[in-house]
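Observations on the three-dimensional arrangement
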Amino acid sequence: MTCEEAKYLLMDYLYDEMNAENHLEFERHLKACESCSQELANFRQTSQQLQKWDDVPPALNLTFVDQQSRFSASIHRRWQGFFRLDWSWGRRLAVGLAVILLGFSLTNFKAEWKNGDFNVKMSLWPQAAEKQQIADLPLQQEELAAYQKEQLMLMNQMIKASEERQRKAMTMSLINFADELETRRKSDLSLVGTSFEQLQFQTKRELKQTRQSLDGLIKIMQVSSPQSNQKRRR
Amino acid sequence: MIDVELIEKYLLGDIAAFNRLVWRWEKQIYNFSWRMCGDPEASKDICQKTFIRVYKSLKKLKDPLKFKTWLYQIAANLCRDEIRRRQKHITLSVENLQNAYEEGAMLPEKLISNPRNSPEFFLNQTNIREFIKKALDQIPEEQRIVIVMKEYQGLKFTEIAEILEQSVNTIKSRMYYGLSALRKVFEQWDIKKEALQYDL
């Protein structure tokens with residue numbers, strides 16, 4: 001394998017993505033080529049330096065909920081659709097129809113074909129029977145209930161998602177706290193151990209000094225005592 | 001495989017599965033964006049936009065096994081847009097190296113003299129982060145993105161090639177030259193090996 005070929009395989013080797021076949025040959029080349037070995041060592045060092053930059057938690061609270069309820073979505077679509085009309089002719093048509101219908105509704109317009117007669121009635125005030133019909137409107141009430149139910153479901157989903165996130169965050173905090181506590185405990189124990197060692201060393205040194213002093217004193221006494229015996233004999 | 005299961009559950013209507021998918025990946029995407037853009041607030045924004053796009057388009061993903069590379073593709077595109085929006089143009093040039101040296105000039109003396117006696121300056125994560133970020137800012141964007149994906153996101157060369165839509169050899173070449181350029185930056189700032197390997 002030449003250095004040129006080895007250069008192309010360097011990244012694969014550095015990040016353990018080399019196949020077995022090239023692996024053996026590449027390592028053989030590294031043993032024989034100091035330049036390539038040095039280059040690999042340099043890359044490894046740079047990679048290790050880069051690894052000093054740790055990840056951080058994002059502190060985001062991303063939570064997704066279901067799309068809009070069918071009822072509100074249909075209302076939204078209809079509302080958006082209204083504004084997409086071609087205003088050049090459709091506007092006139094829509095406005096015209098709206099005016100006509102508004103007029104009919106305001107005047108309680110009623111047209112009926114009965115027994116060959118075509119009757120048209122209009123009045124500003126609704127009849128008593130019609131008032132009762134308007135007041136009932138069960139269909140609208142059902143839709144309203146369905147809408148409220150969907151809103152409640154949405155809120156429940158959001159609350160559940162939020163609770164799960166909080167539980168997860170709490171668990172991580174407790175784990176981090178336990179790790180930190182353990183690290184501090186070990187550090188404190190190490191400090192205490194070091195202090196005891198220092199104290200022991202100092203005590204030994206002082207004892208040694210004391211012993212040396214005593215030895216010196218004993219020697220002096222021994223030296224002086226034969227001399228005094230000799231004097232007494234004289 | 002967990003991603004595939006969560007995607008399948010979401011496609012059947014389980015929004016909680018989608019949220020679990022988001023929580024699995026948000027830290028990685030956030031840190032990737034941060035290392036590319038350098039701004040925590042912009043990175044949060046990119047992270048949110050990434051997952052919003054995923055939410056809107058996940059149903060169109062044909063192969064759920066490709067979710068990881070697809071996700072990183074979205075994030076990488078958003079990062080590029082952000083960088084271009086800021087009109088950053090970083091090239092490895094003598095002038096930039098000189099500027100980097102001058103900006104980093106306050107670093108070497110304290111480090112070289114006795115790094116063990118100056119912990120208040122360098123030996124904490126914030127300063128290490130700033131230092132490496134400055135070094136990464138000196139190399140071209142195309143090399144930087146490959147290095148970030150490889151060193152920090154742990155992606156394979158084939159995955160990076162798929163994300164960036166380049167050949168594997170091109171990716172390896174960018175990695176090679178990117179690491180070489182970073183080494184030159186570190187040498188230019190005269191940072192000793194021991195200084196960066198010191199841990200509190």
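Just above sits the structure.
Reading guide: rules and limits
- Residues numbered from 1 in each chain as written.
- Chains lettered and ligands numbered in written order.
- Predicted model: local features only at pLDDT ≥ 70, side-chain atom pairs only at ≥ 80, totals over all residues.
- Heavy atoms only, no water.
- Helix = DSSP H or I, 4+ residues; strand = E, 2+ residues; numbered from the N terminus.
- Buried < 20%, exposed > 50% of the residue type's maximum accessible area, 1.4 Å probe, protein only.
- Contact = heavy atoms within 4.5 Å.
- Buried area = accessible area lost by both parts, 1.4 Å probe.
- Salt bridge = Lys/Arg side-chain N within 4 Å of Asp/Glu carboxyl O.
- Polar contact = N/O pair within 3.5 Å; in protein donor to acceptor, adjacent residues only side chain to side chain.
- Axes fitted to C-alpha atoms, helices over the stretch in contact; angles between N-to-C directions.
- Left-handed = near helix turned anticlockwise from the far one by under 90°.
- Nonpolar A, V, L, I, M, F, W, Y, C, P; charged D, E, K, R; others polar.
- 1 Å grid on protein atoms, 1.4 Å probe; cavity = no way out; pocket = protein on both sides within 12 Å on 5 of 7 lines; lining within 4 Å.
- Points joined across faces, edges and corners; volume = space filled by probe spheres on them.
- Expected span 1.5 Å × (residues − 1).
- Phe/Tyr/Trp six-rings, centres within 6.5 Å; stacked < 30°, edge-to-face > 60°.
- Lys NZ or Arg CZ within 6 Å of the ring centre and 35° of its normal.

**A closer look at the overall build of chain B**
Secondary structure assignment for chain B yields eleven helices and zero strands. Listing each helix as α and each strand as β along chain B from the N terminus yields α-α-α-α-α-α-α-α-α-α-α. Here chain B holds 200 residues, and the buried ones make up 50% of them. Restricting to contacts in chain B with at least 6 residues of sequence separation, those with at least 24 account for 65%.

**Points about the interface of chain B and chain A**
If you look at the interface, chain B gives 44 residues, while chain A gives 37 residues. Summing both partners gives a buried area of about 4,100 Å² for chain B against chain A, and 60% of it is carried by carbon and sulfur. In this structure, the connection of chain B to chain A is made through four salt bridges. Put simply, Lys150(B) and Glu17(A) hold a salt bridge, and the shortest N to O gap is 2.4 Å. On inspection of chain B and its partner chain A, the count reaches 16 residue pairs in polar contact (both at pLDDT 80 or more).

**Thoughts on the packing of helix α1 (residues 2–11) of chain B against helix α2 (residues 15–37) of chain B**
Residue and element names in this part refer to chain B. Axis separation between α1 and α2 bottoms out at 7 Å; the angle between their running directions is 150 degrees. Considering the relative orientation of α1 and α2, their crossing is left-handed. Side by side, α1 and α2 meet where Ile2, Asp3, Leu6, Ile7, Lys9 and Tyr10 of the first sit next to Ile15, Ala17, Phe18, Arg20, Leu21, Arg24 and Trp25 of the second. Class assignment for the residues of the contact of α1 with α2 results in nine nonpolar, no polar and four charged.

**So, the layout of surface pockets**
Regions of empty space are outlined by a rolling probe, equal in size to a water molecule, passed over the atoms. Taken as a whole, the largest pocket encloses approximately 510 Å³ of empty space. Pro57(A), Pro58(A), Lys168(A), Ala169(A) and Met172(A) are the residues nearest the centre of the largest pocket, which is lined by 16 residues in total. Elements with a minimum of two residues in the lining of the largest pocket: α7 (138–233) of chain A together with α2 of chain B. When residues in the lining of the largest pocket are grouped by element, the largest group, seven residues, is from α7(A). Class assignment for the residues of the lining of the largest pocket results in seven nonpolar, four polar and five charged.

**Points about helix α3 (residues 34–50) of chain A**
The end-to-end C-alpha distance of α3(A) is 24 Å, a good match for the 24 Å that 17 residues give at a rise of 1.5 Å each. Taken residue by residue, α3(A) has Cys36(A), Leu40(A), Asn42(A), Phe43(A), Gln45(A), Thr46(A), Ser47(A), Gln49(A) and Leu50(A) as its buried positions.

**Let's talk about the packing of aromatic side chains**
Taken as a whole and assessed by the stated rule, the structure comprises 19 aromatic pairs over all chains. On the basis of an interplanar angle of 80 degrees and a centroid distance of 6.0 Å, the ring pair of Tyr15(A) and Phe157(B) is categorised as edge-to-face. Residue Tyr15(A) is located in the loop between α1 (3–14) and α2 (20–32), and its partner Phe157(B) is located in helix α9 (residues 157–164); the two belong to separate chains. As far as the burial class goes, Tyr15(A) and Phe157(B) line up, both buried. Taken together, the ring pairs in this structure connect Trp25(B), Phe32(B), Phe67(B), Trp70(B) and Tyr72(B) into an aromatic cluster. The aromatic ring of Tyr152(B) is capped on one face by Arg35(B), whose charged end is 3.9 Å from the ring centroid. Taking NZ or CZ as reference, Lys150(B) lies 4.5 Å from the ring centre of Phe157(B), over its face.

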